[in-house]
Amino acid sequence: MKIEQGARVWIPRFRCHGTVVRKRHGGHELGLRLDPPLGITVWVRRDELAADGEEDVTPAVPPSHRAGTTAPAHPAAAIRPEPPPAPAVTPVPPPEQPAVPAKSRAPASGTAGRAGPGLLAAQQRLDAMDSQEKSRWRRKVGRNVVEALKFGIVPRFGVEALSAGLDRERKVFEADIARARSSGAVRVLLAPYGTGKTHALDVIESMALREGFVVARADLDAFECKPGHPRHVYRSLAASVRLPEGSGGRGLAWLLDAGSRDKTVLDSLARRRSRCWHEFLGPALLNWRALAGDEAAREHLYQWISGEDVDLEQLRLQCAAGTARTKLLSLGGYTTLSSHFCYQLSGISELARLLGYSGLTILLDEAEHMRLLSSRLEKLAQDLFRGLVYNAVGQELPDSYLKSCYFGGRKKFPFHWRLPAQVYFVVACTPVPEAESHLEWLPSPDCVTELPRGLSERDLETLAQRIATVYEWAGHGVTASPDRNGSTDFLATPSASGGGTRPLQLEPEARRRIAQLFSEALEAGCLQNVRQVVQTLVEGLDRLHGLPGWSWPRIIRELEVFVDGGM
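Every value quoted in this text rests on a predicted model; they were computed, and no experiment measured them.

Student: What is the right way to look at the overall build of the protein in this model?
Tutor: The number of helices and strands found in the protein is 18 helices and 10 strands. The proportion of buried residues among the 567 residues of the protein is 54%. With the model as given, the accessible surface of the protein reaches about 25,600 Å², and the carbon-plus-sulfur share is 52%.

Okay, structure coming up:
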């Protein structure tokens, strides 16, 4: 049956309908805009749709014309102001430095014209932050936290202190990190949308950095960081490399710079004798040292090793002084090169270990996007995941674990550099239909941790108190004092400036009542998840701080009316 553009079809893989918006390859592949809540556009092969007799093909109807469609209420509606006109809320003053992003996004996909200078220089500018500048930024971090909390998300700075309800999971993460120090570990986090997957990744990132791990993180999606394109994933990971506090630098560029001056590193990765020549890091380290003082050439080299599109022939001419031209191999963009990039990430873990770090932690978020791929690309994405699992678990797995993986490229690379690789590989995803096939690349179900779908009243009480404390610090300009490690304890109860009172602090009885109401709202479905709880609480703090006549008893009354009306 011929499907025209604008028709709606049923896609068995996603178990939802979609609208045909474009075609390619003679109509063998259709660009489908999936119905909400997905709402994204994906390419699907024509033969992956339901059979003609089973298809639901109907004219597309704009969402605004569908009967019964209403806009969802904002969760902050739990706390309603007086009848109009509603007074404006006093905004929190903007921070001096940009707010810490709630979710770090890697740069957009590289293009052929992106090989100009900029990436390395930007990284060096960030490295140059002096202690006074960093101290000024930390004094404003409370305001940054509040801005992120308004979206229901806890930013990464101080994420462990603002966590609640992950006590059991923290013990699992601690055991994984301890195992990763000696060999490696794998962990998959499962939880519905809005219940804390990204927050749990933030906690793991903070714990890993504290334990001396280099951390690389990527958010998978259907466009710029497709799980079926290993180069996309590697490029996002390379751009996000973080080093533990006090390293003296940051990012992959600093690792290259430190490694190129370390004899042990060069003897282990850049010597052309058996088992001591890494095909990508070897020439990168030698040329980084040879090109000292030539920032343009180093920029070109850095873009190559971080997975950006570069003119490889021009780069080989620039780097001829450091090593043989033929050793500068292409980090290709083919979907079949999972082994190349697993080999490269394993080498980065070895580089980090030789420089005194504990290893490499790899964090991948939104892994459910794997299910949006075609059957072929999903299989190739699983090859990448299997390779990273093998690096993490290594010698505990049989050789047959990689037997079904495709080794692409003119030059065949193994999926690892050396074992044990000391890699901690963590993946977060939302449960999807057919989850057993979604996670079939896992060696054992013991690697899966289902995050709690809600918080207890005690956890909600703790969360409410901590958010109120941070909000007061941000709103009243209280300066936190550094602890003995030089970090800022912005959760310490602030002292009111000028001898005034602390109107935003929650009394124990009010705190317990608010936690009870939030628990009832979650159970009744008035609030869908913890993210909406956080947004609602910050909305109440905004009114308490910026509007006359508001107090904690009034906020509690508003919540009681809201919960009673939704039950």
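Student: Sorry, what's going on with the nonpolar core here?
Tutor: Note on soluble globular proteins: their nonpolar side chains tend to be buried together. Ranked by internal contacts, the top residues of the largest apolar core, which has 83 residues, are W304, L364, F385, F425 and W441. Sorting elements by how many residues they give to this core places helix α13 (residues 375-393) first, with 10 residues. Ignoring sequence-local partners within four residues, the contact set of W441 consists of V188, M370, Q382, F385, R386, V389, Y401, F425 and V427. Counting residues in each nonpolar core, the second largest holds 37 residues, with V145, L460, C526 and V563 among its members.

Student: I tried to follow the environment of C447 on my own but got confused; where do I start?
Tutor: You can see C447 is positioned in the loop between α14 (435-438) and β10 (448-450). Remark: the alpha-carbon pair of C447 and D176, spanning 271 residues in sequence, is separated by 9.9 Å.

Student: I keep staring at the sheet that holds β10 and nothing clicks. Help me out?
Tutor: In a beta sheet, neighbouring strands pair by backbone hydrogen bonds and run either parallel or antiparallel. Ordered in space as β7-β8-β9-β6-β10, the five strands form an open sheet in which the pairing is parallel. Both outer strands of the open sheet, β7 (213-219) and β10, are each paired with one neighbouring strand and no more. Pairwise comparison of adjacent strand axes, ignoring direction, gives a mean angle of 20° for this sheet. Sheet topology note: the strand β6 (residues 184-190)/strand β9 (residues 423-429) ladder contains seven bridges and is parallel.

Student: Where do I start with the packing of aromatic side chains in this structure?
Tutor: How two aromatic rings sit relative to each other is given by the distance of their centres and the angle of their planes. Inspection of the entire model under this criterion finds nine aromatic pairs. Where Y234 meets F341, the ring centres are 5.4 Å apart and the plane angle is 40°; that geometry is what we call tilted. Pair noted here: Y234 is in helix α6 (residues 230-239) and F341 is in helix α12 (residues 338-354), with a separation of 107 residues, a long-range link. The exposure class assigned to Y234 is buried, which follows from its relative accessible area of 1%. Exposure remark for F341: the relative accessible area of 1% places this residue in the buried category. Taking the centre distance of 4.9 Å and the plane angle of 45° together, the rings of Y343 and F413 count as tilted. Placement of the pair is Y343 in helix α12 and F413 in the loop between α13 and β9, with a sequence separation of 70 residues. Neither residue differs from the other here; Y343 and F413 are each classed as buried. Taken together through their ring pairs, the aromatic side chains of F280, Y343, F413 and W417 make up a single cluster.

Student: Is there a simple way to explain unusual backbone geometry in this structure?
Tutor: Keep in mind that most residues, glycine aside, have a negative phi and that most peptide bonds are trans. Across the junction of L419 and P420, the peptide omega takes the value 0°, indicating a cis bond. Inspection of the secondary structure assignment puts P420 in the loop between α13 and β9. One non-glycine residue, E366, adopts positive backbone phi at about 60°. Within the element layout of this structure, E366 appears in the loop between β8 (359-365) and α13. At Q422, a position not held by glycine, the phi torsion is positive, near 55°. Structurally, Q422 is set in the loop between α13 and β9. Since its relative accessible area comes to 12%, Q422 is described here as buried.

Student: Where do I start with the pairing of strand β3 (residues 29-34) in this structure?
Tutor: Most of β3 is tucked away, with five of its six residues classed as buried. One ladder, built from six bridges, connects strand β2 (residues 16-24) with β3; its direction is antiparallel. Across the sheet, residue V20 finds its bridge partner in β3, namely L32. As paired strands, β3 and strand β4 (residues 41-45) are joined by five bridges and run antiparallel to one another. What sits directly across from R33, in β4, is T41.

Student: Would you take a moment to explain the side chain of S358 for this structure?
Tutor: Along the chain, S358 turns up in the loop between α12 and β8. A polar side-chain atom of S358 sits 3.2 Å from a polar atom in the side chain of R181. If sequence neighbours within four positions are ignored, S358 has contacts with R181, E211, G212, F213 and Q422.

Student: I keep staring at the packing of helix α4 (residues 167-182) against helix α5 (residues 197-210) and nothing clicks. Help me out?
Tutor: Each pair of packed helices can be summarised by the angle the axes make with each other and by the distance between the axes. At a minimum axis separation of 11 Å, α4 and α5 run at an interaxial angle of 40°. Between α4 and α5, the interaxial angle falls into the category oblique. As α4 packs across α5, the resulting crossing turns out to be right-handed. Facing α4, whose interface residues are R170, F173, E174 and I177, α5 presents A200, V203, I204, M207 and A208. When its residues are assigned to classes, the contact of α4 with α5 shows seven nonpolar, no polar and two charged.

What counts as what
- For every chain, the first residue of its written sequence is number 1, and the numbers climb from 1 along that sequence.
- This being a predicted model, a pLDDT of at least 70 is required before a residue's local features are given, and a value of 80 or more before pairs of side-chain atoms are given or counted; all residues contribute to the totals for chains, interfaces and linings.
- Side-chain figures throughout are based on the complete set of non-hydrogen atoms in the structure, without hydrogens or water.
- Runs of E in the DSSP output that reach at least two residues are strands. Runs of H or I that reach at least four are helices, and both are numbered from the N terminus.
- Only protein chains enter the accessibility calculation, which uses a 1.4 Å probe; a residue is then buried when its area is under 20% of its type maximum, exposed when over 50%, and partly exposed in between.
- Reported accessibility uses the Shrake-Rupley method at a 1.4 Å probe radius. Residues are deemed covered only where the shown protein chains occlude them.
- Among buried residues, those of type Ala, Val, Leu, Ile, Met, Phe, Trp, Tyr and Cys that are joined through side-chain atoms within 4.5 Å constitute a nonpolar core.
- Contact definition: two residues touch when any of their heavy atoms are within 4.5 Å.
- A pair of strands is considered paired only if DSSP assigns at least 2 bridges between the two.
- To get an axis, fit a line to the C-alpha atoms, keeping to the stretch in contact for a helix; angles then go from 0 to 180 degrees between the N-to-C directions.
- Under the pairing criterion, centres of Phe, Tyr and Trp rings, with the six-membered ring standing for Trp, must be within 6.5 Å; the plane angle then separates stacked pairs below 30 degrees from edge-to-face pairs above 60, leaving the rest tilted.
- Here a polar contact is taken to be a pair of N or O atoms separated by no more than 3.5 Å, where protein atoms must pair a possible hydrogen donor with a possible acceptor and residues adjacent in sequence count only if both atoms sit in side chains.
- Oblique is the label for every angle not falling under 35 degrees (roughly parallel), over 145 degrees (roughly antiparallel), or within 65 to 115 degrees (roughly perpendicular).
- Throughout, a crossing is termed right-handed when the near helix is turned clockwise from the far one, and left-handed when it is turned anticlockwise from it by less than a right angle.
- Polar here means any residue other than Ala, Val, Leu, Ile, Met, Phe, Trp, Tyr, Cys and Pro, which are nonpolar, and Asp, Glu, Lys and Arg, which are charged; Gly is therefore polar.

Coordinates in, geometry out; function isn't part of it.
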